[in-house]
Amino acid sequence: MRTTRLATAALTALALFTPLTATADEASVEDAGHARKDTLRKAAPKGFFIGTAVAGGGHHENMPYPDPFTSDQPYRAVLAAEFNSVSAENQMKWEYIHPERDKYNFGMADAIVKFAQRNRQVVRGHTLLWHNQNPAWLSEGSFTKDELRSILRDHIKTVVGRYKGKIQQWDVANEIFNDSGELRTTENIWIRELGPGIVADAFRWAREADPKAKLFFNDYNVEGVNAKSNAYYALVKQFQAQGVPVDGFSAQAHLSTRYGFPGDLRANLQRFADLGLETAITELDVRMDLPADGVPTPAQLAQQADYYNRTLVACLNVEGCDSFTIWGFTDKYSWVPVFFEGEGAATVMWDDFGKKPAYHVLKETLAKAGRR
Ligand code: XIL
């Protein structure tokens, strides 16, 4: 089964790669990165995308370092060498890319897409309809319903349209349900002001703007079968019955060693696959409670590696789960210590890009899958 699927996926992948010829002044240290051996992307089976978030924007702007993506050459070299998929960590979110009503800020998103093309990487677009990281002009503005609707429509047409043909998967709707499986009718400005039907419209507009991009629902705490993932399952079925274009369901997978591993991840992804959807892991990290000296114990690192590995194995075992993204690859730039007090060390590499057990186990599992 998997072999057939991988062959198809490989063809799709070829079609998605539209490599640009780099001009001499664009050539830089990372350019040959994608050709390096002994990396995650080389170990991955054909048609399988191993991705990372590209650090910048969001919490990074309050940290004592310059923009990671544009300033840190060793970071760029690892980014190019290890991954064949990249996601904008913040640079395509509303507050970043649409800072004023009549002004877009495409510079960094353009740079990420260009970097990806030079390094033969696909791009996940993140995100179009969300309750967080919206600009003040939007969340604090007073607009009529008609105005709000056309603001969303114009945004989706403009942003998705700009990268038409260059984005493999778009997180169209992000985190629209709470953990009880109820729509976020107060937090989410779009749903609050325009009603739940706006979610379907967002998918329709995204499809019109880029018919080839795969359109996803994305959320956290939907790894297992639970109230929230059940809500997505019901909504996907409703969309399909109504002919609303939805192609994928993805689990962010922000995991913590505080909690048990979601052992029904594979079964949960599989039920969406059975509806004909693609599935993906989009933001995997595995945080832990740091000891007083800040250094994880070998046992903690082993447990972390196990969580990373089980997440990958679950995805590899589901037909149509071809995209597996970690939310940053180095602790140097991880969002975890900023958002989860006392927790950290959540990525697969230390600050100096030294590799943790989690990195090695991912590579081994990818390599084994490749030989199947
Ligand atoms: C996080 C970023 O990593 C931070 O830089 C930012 O300050 C806040 O958002 N779910 C998502 C991601 O969909 O966009 C979030 O990313 C993490 C949770």
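Residues numbered from 1 in each chain as written. Predicted model: local features only at pLDDT ≥ 70, side-chain atom pairs only at ≥ 80, totals over all residues. Heavy atoms only, no water.

Draft legend 1. Highlighting unusual backbone geometry. Cis peptide bonds are those with omega within 30 degrees of zero, and the linkage from His126 to Thr127 qualifies with 5 degrees. Residue placement: Thr127 occurs in strand β3 (residues 122-129). Look at Glu175: it is not a glycine, yet its phi comes out positive at around 55 degrees. Mapping Glu175 onto the fold places it in the loop between β4 (169-174) and α9 (189-194). With phi around 75 degrees, Phe353 is a residue other than glycine that occupies positive phi space. (Helix = DSSP H or I, 4+ residues; strand = E, 2+ residues; numbered from the N terminus.)

Draft legend 2. Focus on the site of the ligand. Looking at the ligand, there are 16 residues lining it, with His59, Glu89, Asn90, Lys93 and His126 nearest. Asn90 has a polar side-chain atom sitting 2.9 Å from an oxygen atom of the ligand. Interatomic distance of 2.9 Å between a side-chain N/O atom of Trp327 and an oxygen atom of the ligand. Compared with its free state, where it exposes 420 Å², the ligand has 93% of that area covered by protein. Split by residue class, the shell around the ligand holds 4 nonpolar, 8 polar and 4 charged. (Near = heavy atom within 4 Å. Polar contact = N/O pair within 3.5 Å; in protein donor to acceptor, adjacent residues only side chain to side chain. Areas by Shrake-Rupley, 256 points an atom, 1.4 Å probe, with all protein chains shown as cover. Nonpolar A, V, L, I, M, F, W, Y, C, P; charged D, E, K, R; others polar.)

Draft legend 3. Just the environment of Ile176, in detail. Mapped onto the fold, Ile176 is located in the loop between β4 and α9. The exposure class assigned to Ile176 is buried, which follows from its relative accessible area of 0%. Separated by 56 residues in sequence, Ile176 and Tyr232 have C-alpha atoms that sit 9.2 Å apart. For Ile176, the residues in contact, after removing those within four places along its chain, are Leu129, Glu182, Leu183, Arg184, Asn188, Ile191, Val199, Phe217, Asp219, Tyr232 and Leu235. (Buried < 20%, exposed > 50% of the residue type's maximum accessible area, 1.4 Å probe, protein only. Contact = heavy atoms within 4.5 Å.)

Draft legend 4. Main features of helix α10 (residues 197-209). The first and last C-alpha atoms of α10 sit 19 Å apart over 13 residues, in line with the 18 Å expected at 1.5 Å per residue. Residues Ile198, Val199, Ala200, Asp201, Ala202, Phe203, Trp205, Ala206 and Ala209 constitute the buried set of α10. Looking at the buried side of α10, the elements it contacts are β3, α8 (145-162), β4, α9, β5 (214-219) and α11 (227-242). (Expected span 1.5 Å × (residues − 1).)

Draft legend 5. Representation of the pattern of salt bridges. What the rule picks out here adds up to 19 salt bridges. The shortest N-O distance in the salt bridge between Asp38 and Lys363 comes to 2.9 Å. Here Asp38, found in the loop between α1 (2-16) and α2 (40-43), pairs with Lys363, found in helix α15 (residues 357-370); they are 325 residues apart in sequence, far enough to count as distant. Residue classification places Asp38 among the exposed residues on the basis of a relative accessible area of 55%. Arg153 is the partner of Asp154 in a salt bridge, and the nearest nitrogen-oxygen pair spans 4.0 Å. Under the relative-accessibility criterion, Asp154 is labelled partly exposed at 40%. Within this structure, Arg258, Arg287, Asp289 and Glu343 form a network of salt bridges that share partners. (Salt bridge = Lys/Arg side-chain N within 4 Å of Asp/Glu carboxyl O.)

Draft legend 6. Examining the state of the cysteines more closely. For the structure shown, the criterion picks out 1 disulfide. Across the disulfide, Cys315 is cross-linked to Cys321 (sulfur-sulfur distance 2.1 Å). In this structure, the disulfide formed by Cys315 and Cys321 twists by about -100 degrees around the S-S bond and is classed as left-handed. Like Cys315, the residue Cys321 is buried in the burial classification. (Disulfide = S-S within 2.5 Å.)

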